[in-house]
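Listed here are the chains, written in short residue letters.
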Amino acid sequence: MTKTVLCAVDINRSEEEQKIVKQAAKLADMDGAQLDVISVVPDYGASVVGAYFQDHHVATAQETAGEHLNALVESAVGAERNKSVRHVVAVGKVYQEVLKAAKLCGADLIVIGAHDPDLKDYLLGPNAARIVRHSECSVFVVRHDS
């Protein structure tokens, strides 16, 4: 029985990601599980461009991302259902933060999206592939439409 479903989304693709949130909510509702939705903001401090960003820029980006994540989830599942969803905005590398969040929240299932394959990433994008490969729980991959 699934107790916690973690859904990873890219808030920059709000319209496309609603399909993933809806699927995650459906899977969570089937078992009466907690739904957590995560989005990851890049950690500019760890890169060459990090010198141009100060900590308050990352904090502001994280806060803004939280607002966008809340709006995305509410748009996908409605205001009432959104109240019971735990929203997580992490800072770092997508696959690492999703795996860390899954472990911390005790996720039994991770729901992620995968774009149509191209020559570079034939089956899954690099983050989705890493999450599938390294997750300690089951992973449900939702295909994006063309």
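What you see is a predicted model; the values in this text were computed from it and never measured.

Asker: Give me the lowdown on the environment of glycine 66, citing residues and values where you can.
Answerer: Mapped onto the secondary structure, glycine 66 falls in helix H2 (residues 55-77). On the basis of relative accessible area, glycine 66 is assigned to the partly exposed category, the value being 24%.

Asker: Got a sec to walk through the packing of aromatic side chains? Specific residues and values, please.
Answerer: In total, this model carries zero aromatic pairs according to the counting rule given. It is arginine 130 that lies over the ring of tyrosine 95; its NZ or CZ is 4.6 Å from the centre.

Asker: Could you give an account of the sheet that holds strand E1 (residues 4-8), naming the residues involved and the relevant values?
Answerer: Sheet architecture is open: five strands sit in the order E3-E2-E1-E4-E5, paired in parallel fashion. Each edge of the open sheet carries a strand with a single partner, namely strand E3 (86-91) and strand E5 (138-143). Looking at each pair of strands side by side, their axes are set apart by 25° on average, direction ignored. Across six bridges, strand E2 (residues 34-41) lies against E3 in parallel orientation. The partner of serine 39 across the bridge, within E3, is valine 89. Sitting on the sheet, helix H1 (residues 14-31) is in contact with E1, E2, strand E4 (109-114) and E5, with an inclination near 175° to E1. Packing of helix H4 (residues 94-105) onto the sheet brings it into contact with E1, E2, E3 and E4, and relative to E2 it is tilted by some 150°.

Asker: Give me the pairing of E1: which residues, what numbers.
Answerer: A large share of E1 lies buried, amounting to five of its five residues. Going residue by residue along E1, you find Thr4, Leu6 and Ala8 tucked away on one face and Val5 and Cys7 tucked away on the opposite face as well. Relative to E2, E1 is paired through five bridges, and the arrangement is parallel. When the bridges of E2 are listed, valine 5 appears paired with leucine 35.

Asker: Run through the packing of H4 against helix H5 (residues 126-134), naming residues and quoting values.
Answerer: Close contact between H4 and H5 brings their axes to 9 Å; oriented N to C, the two are set at 35°. Classified by chirality, the crossing of H5 by H4 is right-handed. On the side of H4, the interface is formed by Val94, Tyr95, Val98 and Leu99, while H5 contributes Asn127, Arg130, Ile131 and His134.

Asker: How would you sum up the side chain of aspartate 36? Please name residues and give values.
Answerer: Relative to the assigned elements, aspartate 36 resides in strand E2. We classify aspartate 36 as buried; its relative accessible area is 2%. Among the polar contacts listed, one links the side chain of aspartate 36 to the side chain of glutamine 34, at a separation of 3.3 Å. Other than its neighbours up to four places away in sequence, aspartate 36 contacts Thr4, Val5, Leu6, Cys7, Arg86 and Cys105.

The rules behind these values
Residues numbered from 1 in each chain as written. Predicted model: local features only at pLDDT ≥ 70, side-chain atom pairs only at ≥ 80, totals over all residues. Heavy atoms only, no water. Helix = DSSP H or I, 4+ residues; strand = E, 2+ residues; numbered from the N terminus. Buried < 20%, exposed > 50% of the residue type's maximum accessible area, 1.4 Å probe, protein only. Phe/Tyr/Trp six-rings, centres within 6.5 Å; stacked < 30°, edge-to-face > 60°. Lys NZ or Arg CZ within 6 Å of the ring centre and 35° of its normal. Pairing = 2+ DSSP bridges. Axes fitted to C-alpha atoms, helices over the stretch in contact; angles between N-to-C directions. Contact = heavy atoms within 4.5 Å. Left-handed = near helix turned anticlockwise from the far one by under 90°. Polar contact = N/O pair within 3.5 Å; in protein donor to acceptor, adjacent residues only side chain to side chain.

On their own, these measurements won't tell you what the molecule is for.
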